[in-house]
Amino acid sequence: MKILQIALDVPLPRLFDYRLAGEPADSLVGRLARVPFGPGVKIGVVVQVADTSDQPADKLKSAELVADLPALPADWLELCGFCARYYHFPVGQVTTFALPPLLRRGKKPRNPKAKASAVPPAPTLLAPLARNPGSLPPTGGASAWDGPAPTFHSATPDQAAAIKAITQASGFQTFLLHGVTGSGKTEVYLRAIESVLALGGQALMLVPEIALTPQLESRVSARFPGAQIVSAHSGVADAARARAFLAAQEGRADIVLGTRLSVFMPMPRLQLIVVDEEHDASFKQQEGLRYSARDVAIFRAKQRDIPIVLGSATPSFESFYHAGSGRYRRLDLPLRAVALAMPRVATVDTRKQKLQDGLSAELIAAISERLRRGEQSLIFLNRRGYAPVLACPSCGWISHCRRCAANLVLHLADRRLRCHHCGLEVAVPHACPDCGNLDLQPFGRGTQRLEAKLVELFPSARILRIDRDSADSPKKWHALLAAIHAGEADILIGTQMLAKGHDFPLLTLVGVVGADAALFAADFRAPERLFSQLMQVGGRSGRAALPGEVLIQTEYPDHPLYRALIEHDYSAFAQEQLAERDAAGFPPFAFQALLRAEAPELAGALAFLATAVEAAEALAAPDISLYDPVPMRLARLKNRERAQLLVESRSRPALQSFLADWMTQLYTLKMPRDLRWHLDVDPLEF
Ligand code: ADP
Ligand code: ZN
Ligand code: ZN
């Protein structure tokens, strides 16, 4: 008798045995099967077929294959198996996650061969097709952008060298394509993809955010009009996502473009993987299967023995380190492809002057100058809302979230107090809830407050605020982008939403406000994040023929981070930071995992972690450091108290083998019902 070992969506790290109902089939492995489980029915993936089972034969229930869906390929199952082992996550929950929602339920999309996911006809405004280099569109008016069909310019020598290296790679090789914004990295990806398509291969391109994919989609589809391109991200509707999955799996899709989850698209002819903005934190999922799509992509390239290109203007320091050590091959594009020069970066010392609601005289003058010249300015402040807290000066009351260890942020636009962690929302009180004082005061500054000040300073300017409040739907977001492109805004106020990937030809000034706080954050990755954010946002200016300028307001003008930005010297800063991490024993010089627990009371979470420490110590694993359980920085979230325990090792194999043994033990522990825990391997957030 054939025993099917099936991965099911159950929080247990094991497969479940069933016998096959009905006729024996030839290919069982990789098929979806419908099985009785407990009182209900589940859909799972057949991972293995065995001849015997630990279960007595009469106890085995029977599984029914889901008809008309092709078997998932072996390398896909192996990829899921790798994720289950490496992230110590139940294998059936990995396979479930890796499937599109429709297939998870054993359903087929209607019309599965229809064009998998038609690339939406993005407005030409949002489709920066390859343009004639140096041709600056006249201002104002969309027609300026209904430009010519894509022109194929010749690669610069640096681009040519990069393309050659990638296309000539034989087998697995990780390339780190390091090039400033506008240096032509996307051109390099497209040409490498072109050569893969010419050889009949498939290419997978990962990008950090849904918001960026439409823009890229139009560029890619304009470039490869004959190719079948599918996109995969959480914004794609279920049916289209399932169709895209099947198109990729059956080899009909030539290019798969998407966010982190598209790393799980089965692709039989896969020949190249590209990870754009590889440093971006959104490649790491922060819930459920806490995988890094970049790292899984590298595993996948190795598994398939194909090249992978990691691209960034500010590579993660981990990747930069691996490029330096020879593990990755570094490809540099040090020059911008079209703009004349890099923007001029300068600091404004805010210790020496009285600011006007956070704005320095220099920055205000620079904005006025842009208004006079008909150019755009962007003021970058990575904090939305009006003010981070509302307070009562007479009794000391402040606007706390009652569910989290966090303050409620004042949103004056709609007169609400909002928790940015749990979403709790209340009306702004007109008097202090504690003492009745009518004079409540906002403290600190967010984008709305900056907007109000700029409106006051520049009453005739057209001012647009772009943050998650003003762009809370893709439709609004696209409308805002279109307005910016059409030259319908003079001053933009934006959070990091605006920092990435967008090409605003009229933008020549970027002002950075309120960045200092991140200099001294407790997280060792905070400087890396700030540096790359400022480099990205600075890269928005002067992308076309107008030179750009970046003004950073700071009380620490001599800080090495700002010095490195002024010099455009990513490498110097990365090296300095890597030396510090080496001395402190942080990644990439050590490997980490976090065990997190949450419970209604902090004591409950800490007690579980204490038990976990005992279990770990009993294993007496070599080369492992265990830290003390501590409350998380945001200790209370949605009325749950959270604590964590850091495990570290200088050896990844040592850490992995310890984690495997440790998890086996933790899965057998009896747990209070209201306790939740999870393991985060290679955590990015602490
Ligand atoms: P990145 O991805 O590094 O930001 P892109 O590939 O988007 O850079 O290139 C930036 C701009 O330069 C685009 O408008 C692109 O069409 C143009 N460009 C890229 N390579 C060349 C080239 N070799 N010659 C002329 N223009 C180029
Ligand atoms: Zn009060
Ligand atoms: Zn809250």
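Before reading on, note that the structure itself is shown above.
Report follows, based on the coordinates. Note that this is a predicted model, so its numbers are computed, not measured.

## Points about the coordination of the zinc ion (ligand 2)
Those donors, C392 (SG), C395 (SG), C432 (SG) and C435 (SG), are the protein atoms that reach the zinc ion (ligand 2), and they lie 2.3 Å from it. Between the four donor atoms coordinating the zinc ion (ligand 2), the angles at the centre fall across 105 to 114 degrees, so the site counts as tetrahedral. We note that the donor set of the zinc ion (ligand 2) lies within a single chain, spaced as C-x2-C-x36-C-x2-C. Taken together, the residues span a long stretch of sequence, with C395 in the loop between β15 (389-391) and β16 (409-411) and C435 in the loop between β18 (425-427) and β19 (441-443) at a distance of 40 residues. Accessibility expressed as a relative area gives 38% for C435, which makes it partly exposed.

## As for the pairing of strand β1 (residues 3-7)
Side chains on a regular strand alternate between the two faces of the sheet. Counting buried positions over the five residues of β1 gives five, a clear majority of the element. Judged from the five bridges that link them, β1 and strand β4 (residues 40-50) form a sheet pairing that is antiparallel. Counterpart to A7 in the pairing with β4 is V45. Pairing between β1 and strand β2 (residues 16-20): four bridges, direction antiparallel. By the bridge assignment for β2, L4 is matched with Y18.

## Re the side chain of D682
With respect to the element layout, D682 can be found in the segment after β28 (676-681). Excluding its chain neighbours within four sequence positions, the residues that come into contact with D682 are Y86, K284, D295, Q592 and R652.

## Points about the packing of aromatic side chains
Following the criterion strictly, the structure yields 20 aromatic pairs and no others. Ring centres of F82 and Y86 lie 5.6 Å apart, and the angle between their planes is 20 degrees; on these two criteria the pair is classed as stacked. In this pair, F82 and Y86 both sit in helix α1 (residues 74-86), four residues apart, roughly one turn of the helix. On the basis of relative accessible area, F82 is assigned to the buried category, the value being 16%. What makes Y86 buried here is its relative accessible area of 11%. Considering the side-chain rings of F82 and F299, the 3.7 Å spacing of their centres and the 5 degrees angle between planes classify their relative orientation as stacked. Taken together, the residues F82 in helix α1 and F299 in helix α8 (residues 293-304) connect sequence positions 217 residues apart. Each of the two residues, F82 as well as F299, counts as buried. An aromatic cluster is defined as three or more aromatic residues linked by ring pairs; in this entry it consists of F317, F320, F531, Y570 and F573.

## Section: the sheet that holds β2
Here we have five strands rolled up into a closed barrel, ordered β1-β2-β5-β3-β4, and mixed in their pairing. Taking the axes of each pair of neighbouring strands and ignoring which way they run, one obtains an average angle of 55 degrees across the sheet.

## Topic: helix α2 (residues 91-98)
Given 3.6 residues to a turn, an α-helix orients residues that are three or four positions apart in the same direction. Of all eight residues in α2, seven are buried, a share of seventy percent or more. Buried-residue contacts for α2 involve β1, β4, α1, α3 (101-104) and α7 (238-249).

## Section: the environment of K108
Looking at the secondary structure, you find K108 in the loop between α3 and α4 (157-167). With relative accessibility at 39%, the residue K108 sits in the partly exposed group. Taking the C-alpha atoms as reference points, K108 and L69, 39 residues apart in sequence, are found 7.3 Å from one another. Beyond its immediate stretch of four places on either side in the chain, K108 contacts A67, D68, L69 and L102.

## Here's the deal with the coordination of the zinc ion (ligand 3)
On the protein side, the zinc ion (ligand 3) has C401 (SG), C404 (SG), C419 (SG) and C422 (SG) as donor atoms, found 2.3 to 2.4 Å from it. On the primary sequence, the residues serving as donors to the zinc ion (ligand 3) are separated as C-x2-C-x14-C-x2-C. With C404 in the loop between β15 and β16 and C419 in the loop between β17 (416-418) and β18, the pair connects residues that are 15 residues apart, well separated along the chain. A relative accessible area of 1% means that C404 is categorised as buried. Residue C419 is classed as buried on the basis of its relative accessible area, which comes to 3%.

## Here's the deal with helix α13 (residues 526-538)
Counted at 1.5 Å a residue, the expected span for α13 with its 13 residues is 18 Å, and the 18 Å between its end C-alpha atoms agrees. Among the 13 residues that make up α13, twelve are buried, leaving the element largely enclosed by the rest of the structure. When α13 is considered as a whole, its buried residues turn out to be A526, P527, E528, L530, F531, S532, Q533, L534, M535, Q536, V537 and G538. On its buried face, α13 is in contact with α9 (317-324), β14 (376-380), β22 (507-512), β23 (549-554), α14 (560-566) and α15 (570-584).

## What to know about the pattern of salt bridges
If you walk through the whole model with that rule in mind, you get 39 salt bridges. Note that E187 is salt-bridged to R219, the shortest N-O span being 3.6 Å. Here R219 lies in helix α6 (residues 213-223) and E187 lies in helix α5 (residues 185-198), a separation of 32 residues in the sequence. For R219, a relative accessible area of 22% gives the class partly exposed. One salt bridge connects R370 with E549, and the closest N-O pair in it is separated by 2.9 Å. Of this pair, R370 sits in helix α10 (residues 361-373) while E549 sits in strand β23, and the two are 179 residues apart along the sequence. With respect to class, R370 is no different from E549; both count as buried. The structure contains a network of salt bridges with shared partners spanning R344, E369, R370, R372, R373, E375 and E549.

Rules of the game
Residues numbered from 1 in each chain as written. Chains lettered and ligands numbered in written order. Predicted model: local features only at pLDDT ≥ 70, side-chain atom pairs only at ≥ 80, totals over all residues. Heavy atoms only, no water. Donors = N, O, S within 2.8 Å, 3.2 Å for Na, K, Ca; no water. Tetrahedral: all angles 85-135°; square planar, octahedral: opposite > 155°, others 65-115°. Helix = DSSP H or I, 4+ residues; strand = E, 2+ residues; numbered from the N terminus. Buried < 20%, exposed > 50% of the residue type's maximum accessible area, 1.4 Å probe, protein only. Pairing = 2+ DSSP bridges. Contact = heavy atoms within 4.5 Å. Phe/Tyr/Trp six-rings, centres within 6.5 Å; stacked < 30°, edge-to-face > 60°. Axes fitted to C-alpha atoms, helices over the stretch in contact; angles between N-to-C directions. Expected span 1.5 Å × (residues − 1). Salt bridge = Lys/Arg side-chain N within 4 Å of Asp/Glu carboxyl O.

These results come straight from atomic positions and should not be treated as a statement about function.
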